[in-house]
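# Remarks on the overall topology
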Amino acid sequence: MSASHSVPSGFSQLRQVLPRDLLASVVVFLVALPLCMGIAIASGMPPAKGLVTGIIGGLVVGFLAGSPLQVSGPAAGLAVLVFELVRTHGMAMLGPILLLAGALQLLAGRLRLGCWFRVTSPAVVYGMLAGIGILIVLSQVHVMLDLKPQASGLDNLLAFPAALLSGTSGFDAALLGLGTMACMALWDRFKPGRLRMLPGALIGVSLATLVSIALPLDVLRVSVPENLGDAIDWVRPSDLAALLDPTLLLAAVVVAFIASAETLLSAAAVDRMHSGPRSDMDRELSAQGVGNMLCGLVGALPMTGVIVRSSANVQAGARSRASAIFHGLWLLGFVVLLGGLLRQIPIASLAGVLVYTGIKLVDLKALRSLGRYGRMPVLVHAATALAIVATDLLTGVLLGFALTVLKLVFKAARLKINLRYDDEGSGAELRLVGAATFLKVPALSQALQSVKPGTHLRVPLQHLSYIDHACMELLEDWGRSAAASGCRLSIEGNGLRRRVEGRVRALQSAG
C-alpha cells in the first residue's frame, strides 16, 4: 500500500515545486542574459563565449551542484584576470588554462578541501572584489564610449581625458550607457512591488536598445554568430603542451583558487538567504571543476557561483536545482531562436551594466564592517584593492595575504611581561599577558634571569591566549637551574599548570 502512494506523493511534491522553479528560472535568465554578454566583453572575449559559459553553468553545473539554489556562470570577479590572460597569451590559451584549473577544482572537491577555501581573510576577499570593481569601471567607461580598453587600470585612467574627446559616436554610446545605469539605479530604488522580479539590467538594456534603433544611432552592437556552434573553439592537443610553461601553470592555479573562493563564499551567502538544505561545499567545488573543464574544452569563459544571479534565484522563490537548470535551457533557446535580437543590443549599454556592477563591488558597507575589528583589516582591504589597480590581480591578492600573515605574526609577538615582588620580598609573580611564542623567548629569558635567589616565583597562565613549546621549555629549564639558588617555580593554570609543574619537579629531582 505504501509503495502505491510513493509515486503520487512524489508527483504532488514536484507539482508544488516546479511552478516556483519555472518562474524563478525565467527571472534568473533575464538577469543572466545581459551579464553573460557584458562580462565576456569586459574579458576581451566575444559575447557568445559568455553565453556558452552561462548555458554550461545552468545545464551541467546546475545538475551537479552541491548548492542547489546557487546559479553558476561567467563572473565579473574573473573578468579582469581573463582580460589579462587573453592579452598576454592569446584567446587560444584560455582553453588549456581552464582545463587545468577545472581539474584542480575537481581534485580539491574529491579531496574534500572545500572548507579550506573559506579560510581566506574577509579583508582580502572584499579588497579583491573592490579592486576588481574599480578595474571594471576604469575599463568599461572606455567601452561605453565605443572604444577599446587599455591594458591596465592606470592606463585606462590616464587615457580617459583623450577618450572623452573621441567624437560624436562615442558621445551617443556614452548616453546609452549612462541611460542604462540610470534605469538600473532608479529601478533598484523605486521598482513597483508587482514587478520587483524584473531585473533592472534587462530594463535598462531593453530601453537603450529601443532608443538606439528608433533614433537610429550609429553605435557598436553585439556580435553573435548565426550558429552557436561557431562560437565554440575546441581545445587543440598542441595547445595543451603549452601548459608546461610555468606562467600558464601559475595562471591555472590562480584561476582555480579565485573561482573556488568566490564560488564557496557565494554558496555560504546563499545558505543564509533560505531555510532549505545547506550547501555541500565539496560537491559544489567538484561541480565547478567539471563546468570549468567543459568551458576549457569549448574555449568559453571561466565560471563561478555568482551571488547576483543566485540571490535573484532565491528571492524569486526557487525551491530546487531545477531553476538553475531551466535558466540554462532558456539561455540556449534564446540564443538559438532569437540571436538576431541580441545583435541589436548596443555594446555601450552592456558596458553600463558592468560599470554599475563594478561600482556595487566596491562595497562601503563591507569596509565599515571590517572597521569594527580594528584598523588592520581596513588596511589589508585598502592595500589589496589599490595593489590590484596599480599592478595586477595576483600581486594584489598576494599582498593581502602577506599583510594578513604579518598581522598574525604581530599578534603572536605581543606579550606583556611584568615581574612584581610581594611585600615580604620572598615571593614574586611573573605576569604574562598576550601570546607567549618563540618570538618572545629572549624577553622572557631576560625577565627570568633578573629573579632574585631564594624567590618563590609564581607564573599564572590564565592571562595568556597561547603559550608554545619554546616558552614552556624555557620555564622548565629555569625551574631546574634556579633550584640550586633556592628558587621555586609554581605554574598556575589548570591542566597546563599540572603538566608543566610535573615536568619541572621531574627535572629538579633528576638534577
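Please refer to the structure higher up on the page.
Below you will find a few notes about this structure. Every value quoted in this text rests on a predicted model; they were computed, and no experiment measured them. (Residues numbered from 1 in each chain as written. Predicted model: local features only at pLDDT ≥ 70, side-chain atom pairs only at ≥ 80, totals over all residues. Heavy atoms only, no water.)

This next bit is on the overall build of the protein. Of regular secondary structure, the protein possesses 21 helices and seven strands. Relative to the globule expectation of 24 Å for 511 residues, the C-alpha radius of gyration of the protein, 30 Å, shows a markedly less compact shape. Principal axes of the C-alpha set define a box for the protein whose edges measure 100 × 80 × 55 Å. The 511 residues of the protein split such that 50% are buried. A sequence separation of at least 24 residues applies to 81% of the contacts in the protein between residues at least 6 apart. Split by element, the accessible area of the protein, about 24200 Å² in all, is 65% carbon and sulfur. Of the charged side chains in the protein, 42 are positive and 29 negative; the average position of the first set lies 8 Å away from that of the second. (Helix = DSSP H or I, 4+ residues; strand = E, 2+ residues; numbered from the N terminus. Rg over C-alpha atoms; globule rule 2.2 N^0.38 Å. Buried < 20%, exposed > 50% of the residue type's maximum accessible area, 1.4 Å probe, protein only. Contact = heavy atoms within 4.5 Å. Areas by Shrake-Rupley, 256 points an atom, 1.4 Å probe, with all protein chains shown as cover. Lys, Arg positive; Asp, Glu negative; His and termini not counted. Charge placed at Lys NZ, Arg CZ, Asp CG, Glu CD.)

So, on to the side chain of Thr404. Looking at where Thr404 falls in the secondary structure, it is placed in helix α18 (residues 393-412). Apart from residues no more than four positions distant in its own chain, Thr404 is found in contact with Ser121, Val124 and Val380.

The next thing to look at is the environment of Met197. In this structure, Met197 sits in the loop between α7 (168-190) and α8 (200-214). The exposure class assigned to Met197 is partly exposed, which follows from its relative accessible area of 25%. On a C-alpha basis, the gap between Met197 and Val26 in space is 9.6 Å, while along the polypeptide they are 171 residues apart. Leaving out residues up to four positions away in the same chain, Met197 has contacts with Val27, Gln315 and Ala316.

On to the pattern of salt bridges, then. Applying the stated rule across the entire model yields eight salt bridges. One salt bridge connects Arg236 with Asp239, and the closest N-O pair in it is separated by 3.0 Å. Each of Arg420, Glu429 and Arg431 takes part in a single network of salt bridges with overlapping partners. (Salt bridge = Lys/Arg side-chain N within 4 Å of Asp/Glu carboxyl O.)

Backbone torsion omega between Leu215 and Pro216 reads -20 degrees, so that peptide bond is classified as cis. Residue position: Pro216 is located in the loop between α8 and α9 (237-240). Not every positive phi belongs to a glycine, and Asp146 is a case in point at roughly 60 degrees. Here Asp146 is to be found in the loop between α5 (122-143) and α6 (153-164).

Moving on to the pairing of strand β4 (residues 427-436). Burial of β4 is extensive: eight of the ten residues sit out of reach of the surface. Linking two consecutive strands that pair antiparallel, namely strand β3 (residues 415-421) and β4, is a turn of five residues; a positive phi of about 85 degrees is found at Gly425 within it. Tracing the backbone out of β4, into helix α19 (residues 441-449) and back to the parallel element strand β5 (residues 456-460) gives a crossover that is right-handed. As judged from the three bridges shared by β4 and strand β6 (residues 464-467), these two strands associate in the parallel manner. Within β6, the residue paired with Ala436 across the bridge is Ile467. (Pairing = 2+ DSSP bridges. Right-handed = clockwise from strand over helix to strand, strands pointing away.)

What follows deals with helix α3 (residues 76-89). Its 14 residues give α3 an end-to-end C-alpha distance of 20 Å, which sits within 8% of 20 Å, the value for a rise of 1.5 Å per residue. In terms of residue burial, α3 counts as a mostly covered element, since ten of its 14 residues are buried. (Expected span 1.5 Å × (residues − 1).)

By size, the foremost hydrophobic cluster in this structure holds 89 residues, and its most contacted members are Leu33, Met37, Leu51, Leu81, Met128, Leu342 and Leu393. Among the elements that make up this core, the one with the highest residue count is helix α1 (residues 2-42) (twelve residues). One finds Ala428, Ile467, Ala482 and Ile491 within the second-largest nonpolar core, a separate group that totals 23 residues. (Core = buried A, V, L, I, M, F, W, Y, C linked by side-chain atoms within 4.5 Å.)

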